[in-house]
Amino acid sequence: MDFIQASRGTRDILPDETLYWQHVEAVARQILQRAAYREIRTPIFEQTGLFERGIGEATDIVGKEMYTFDDRGHRSITLRPEGTAGAVRSLIENKLYAQGGVQRLWYTGPMFRYERPGAGRQRQFHQIGVELFGSRNPRADAEVIALAADLLQTLALEDWVLAINSLGSFEDRQDYRSALVRYLEPYKDDLDPDSQQRLYRNPLRILDSKDPNTQAIAQDAPKLQAFLSSESREYFEQVLHLLEALQIPYQLDHCLVRGLDYYTHTAFEFKLVELGTQGTLCGGGRYDRLVAELGGPEVPAVGWAIGLERLISLLQGRLDLDPVSPDVYLVARGQVAEEQSLTLARALQQRHFAVELDLSGSAFAKQLKRADRSGAPLCLVVGEAEAEAQQVQLKWLASGDQQMRSQAELMEQANILREKINLAKSPKRL
RNA sequence: GCGGGCGUAGCCAAGAGGUUAAGGCAGUGGAUUGUGGUUCCACCAUUCGUGGGUUCGAGUCCCAUCGUCCGCCCCA
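Note that this is a predicted model, so its numbers are computed, not measured.

1. A look at the protein's contact with RNA strand B
Logical step 1: Around RNA strand B, a shell composed of 49 residues is seen, among which Arg-113, Asp-372, Arg-373, Glu-386 and Leu-397 lie nearest.
Logical step 2: Among all atoms of RNA strand B positioned within 4 Å of the protein, those belonging to sugar or phosphate total 57%.
Logical step 3: Contact between RNA strand B and Gln-5: a sugar or linking oxygen at 3.4 Å from a side-chain N or O atom of the residue.
Logical step 4: In this structure, Gln-127 approaches RNA strand B through a side-chain N or O atom, which is 2.9 Å from a sugar or linking oxygen.
Logical step 5: For the surface near RNA strand B, the elements supplying multiple residues, two or more each, are β6 (124-133), α7 (193-201), β10 (280-286), α13 (364-374), α14 (384-389) and β15 (391-396).
Logical step 6: Looking at side-chain class alone, the surface near RNA strand B contains 11 nonpolar, 16 polar and 22 charged residues.

2. What about the UniProt feature "binding site: L-histidine" (unreviewed entry) in chain A?
Logical step 1: In the numbering adopted here, UniProt assigns the feature "binding site: L-histidine" (unreviewed entry) to Glu-82, Gly-83, Thr-84, Arg-113, Gln-127, Glu-131, Arg-258, Tyr-262 and Tyr-263.
Logical step 2: Note that Glu-82 resides in the loop between β4 (76-79) and α4 (84-93).
Logical step 3: Judged by its relative accessible area of 4%, Glu-82 falls in the buried class.
Logical step 4: When residues no more than four places from it in sequence are discounted, the contact partners of Glu-82 are Phe-51, Ile-55, Met-111, Arg-113, Gln-127, Leu-260 and Tyr-262.
Logical step 5: In this structure, Arg-113 sits in the loop between β5 (103-112) and β6.

3. Quick word on the packing of aromatic side chains
Logical step 1: The full count for this structure, using the stated rule, is 8 aromatic pairs.
Logical step 2: Judged by centre distance (6.3 Å) and plane angle (90°), the ring pair of Phe-268 and Phe-270 falls under edge-to-face. With respect to class, Phe-268 is no different from Phe-270; both count as buried.
Logical step 3: Here a set of aromatic residues connected by ring pairs shows up, and it is made of Phe-133, Tyr-262, Tyr-263 and Tyr-287.
Logical step 4: The ring of Tyr-114 carries Arg-123 above its face, with NZ or CZ at 3.9 Å from the centroid.
Logical step 5: Across the ring face of Phe-170, the terminal group of Arg-289 is positioned such that the distance to the ring centre comes to 3.7 Å.

4. What about the packing of helix α6 (residues 170-184) against α7?
Logical step 1: Where α6 meets α7, the closest approach of the two axes is 10 Å, and the angle between their N-to-C directions is 140°. Comparing the axis directions of α6 and α7 gives the class oblique. With respect to the hand of their crossing, α6 and α7 are arranged in left-handed fashion. Side by side, α6 and α7 meet where Arg-177, Val-181 and Leu-184 of the first sit next to Leu-199, Tyr-200 and Arg-201 of the second.
Logical step 2: By residue class, the composition of the contact of α6 with α7 is 4 nonpolar, no polar and 2 charged.

5. Thoughts on the pattern of salt bridges
If charged atoms from side chains of opposite charge come close, those side chains can pair.
Logical step 1: Under the definition given, this model contains 18 salt bridges.
Logical step 2: Among the salt bridges present, the one from Arg-418 reaches Asp-327, with a minimum N-O distance of 3.2 Å. In this pair, Arg-418 is assigned in helix α16 (residues 414-425) and Asp-327 in the loop between α11 (308-318) and β12 (328-332), connecting sequence segments 91 residues apart.
Logical step 3: By relative accessible area, which is 5% here, Asp-327 ends up buried.

6. Remarks on the nonpolar core
Logical step 1: Judged by nonpolar contacts, the single largest core of 47 residues is most densely connected at Phe-270, Trp-304 and Leu-311.
Logical step 2: With 9 residues, helix α5 (residues 138-154) is the single largest residue contributor to this core.
Logical step 3: Excluding residues that lie within four positions of it along the chain, Phe-270 makes contacts with Ile-145, Ala-148, Ala-149, Leu-152, Trp-160, Val-161, Leu-162, Gly-279, Thr-280, Leu-281 and Cys-282.
Logical step 4: Listed in part, the 43 residues of the second largest apolar core include Leu-50, Met-111, Leu-199 and Ala-267.

7. Observations regarding the sheet that holds β4
Logical step 1: Taken in spatial order, the 3 strands make up an open sheet running β2-β4-β3, and their pairing is antiparallel. Looking along the sheet, the strands with just one partner apiece sit at the ends: β2 (45-47) and β3 (67-70). When strand polarity is set aside, the average angle formed by the axes of neighbouring strands in this sheet is 30°.
Logical step 2: Bridge count for β3 against β4 is 4 bridges, and the pairing is antiparallel. By the bridge assignment, Asp-70 is partnered in β4 with Ser-76.

8. Some thoughts on the sheet that holds strand β9 (residues 264-271)
Logical step 1: On the basis of which strands lie adjacent, the open sheet formed by 8 strands has the order β1-β5-β6-β11-β10-β9-β7-β8 and mixed pairing. A strand with exactly one partner marks an edge of an open sheet, and here the two such strands are β1 (38-39) and β8 (251-252).
Logical step 2: The pairing of strand β7 (residues 161-166) with β9 spans 6 bridges and is antiparallel. Paired with Leu-162 across the bridge in β9 is Phe-270.
Logical step 3: This element, helix α1 (residues 15-33), spans β1, β5 and β6 of the sheet and lies at about 5° to β6.
Logical step 4: Most of the contacts of α4 go to β6, to which it runs at about 45°, and overall it touches β5 and β6.

Quick notes on the rules
Residues numbered from 1 in each chain as written. Chains lettered and ligands numbered in written order. Predicted model: local features only at pLDDT ≥ 70, side-chain atom pairs only at ≥ 80, totals over all residues. Heavy atoms only, no water. Near = heavy atom within 4 Å. Polar contact = N/O pair within 3.5 Å; in protein donor to acceptor, adjacent residues only side chain to side chain. Helix = DSSP H or I, 4+ residues; strand = E, 2+ residues; numbered from the N terminus. Nonpolar A, V, L, I, M, F, W, Y, C, P; charged D, E, K, R; others polar. UniProt positions renumbered as here; feature names shortened; annotations may be inferred. Buried < 20%, exposed > 50% of the residue type's maximum accessible area, 1.4 Å probe, protein only. Contact = heavy atoms within 4.5 Å. Phe/Tyr/Trp six-rings, centres within 6.5 Å; stacked < 30°, edge-to-face > 60°. Lys NZ or Arg CZ within 6 Å of the ring centre and 35° of its normal. Axes fitted to C-alpha atoms, helices over the stretch in contact; angles between N-to-C directions. Parallel < 35°, antiparallel > 145°, perpendicular 65-115°, else oblique. Left-handed = near helix turned anticlockwise from the far one by under 90°. Salt bridge = Lys/Arg side-chain N within 4 Å of Asp/Glu carboxyl O. Core = buried A, V, L, I, M, F, W, Y, C linked by side-chain atoms within 4.5 Å. Pairing = 2+ DSSP bridges.

In structure tokens:
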């Protein structure tokens, strides 16, 4: 077989599934809009340097997971592995920070990471994310976390766990980092190979290593908490206090470090146990230095991103979305009738009816069967006799009742028809 | 990147070296030449992801390759 398949780690989202995507997008749009977030759409590829600087050279994403290539102008281009760097670049480039104190933005779209694919992990995957720029207030952290909680809640996902930690200010972290390295250095040879690699590049990540030996060593390592300045500590306590006021349950997780370099202070993850290894549904935090680091002014920020593939796979197990069925199924037989049916379908569609036209020209029995399966409450039948008389047969599929109307009459009575269809389509109540 | 499982029709699947590749759902045609949801009948894989090998004989064994899933790593 010389058929060319979809690339490894990519997949098609077929119509039965786009139903769920559209639902999630609609819910997200609604929730974010009413909290005054506005959508931003940034390019899918950026200059490689943006991610190297923004995400951090020491991270796994930059180190081994980027889709990077040279374009025809010999520029190094990278397909975006996450959404924040591009949003920040855009904020700076378009001087959005100048339009008043706070910018609330959200985005959705595909992201790319060159990784080994698995369940809930694709090379092209999708995220929806928010970025709140310009506030150093703990209420901003709480607002953003509350939005994620509301979104999950509204989507009927209630059994999440919110893990949260404070990484302190950049300075706190620098201090801690050197203390940690000082502590770990004597054990260097006992660490697992990955952790040895990270000792000088990204020592904080050693803390959540799964290797038992490393874990034992990490047990007695100095704690990040001890290095937080009193300001950092107080900030974090305020965030936690606000979460309590919002009745959002959380679990302190002092090992939560997050993979990206740019986080400061608050870092959090929403996890679902049933997702297993790929259990993180939403990850985020505060990144007060990133805008400045990428060449902008000192603009503090908080945000998160939700992985849509994981979200939707959960949703499919819990939420039964009705497939969209037409209002009217239009059936015709005979050359004149078939021609009229096309005109009729269009006229009804222009009057905002959802109309499915049967193109088969097969026996009425077959077409009726399809009408039934389409889920439409009403079937319109145009045979040779009706076509001759410019008429149409209305057949209500639930009852089998039938009426003859002239085609002109049908259009005039569109409003009445609309009501009847809505009634027939409204869910049955007991 | 490392370790392991899997790959038979649009979907779910039986099949464990001997040849007619079960069955179900869906689909198509007919019983019903202009009326559906039930029923009945017929049709629906020259071929088992792909390529090579072993064998008289391979869906079944071996190798490679692609894809997928699980674990590790990491993340969304």
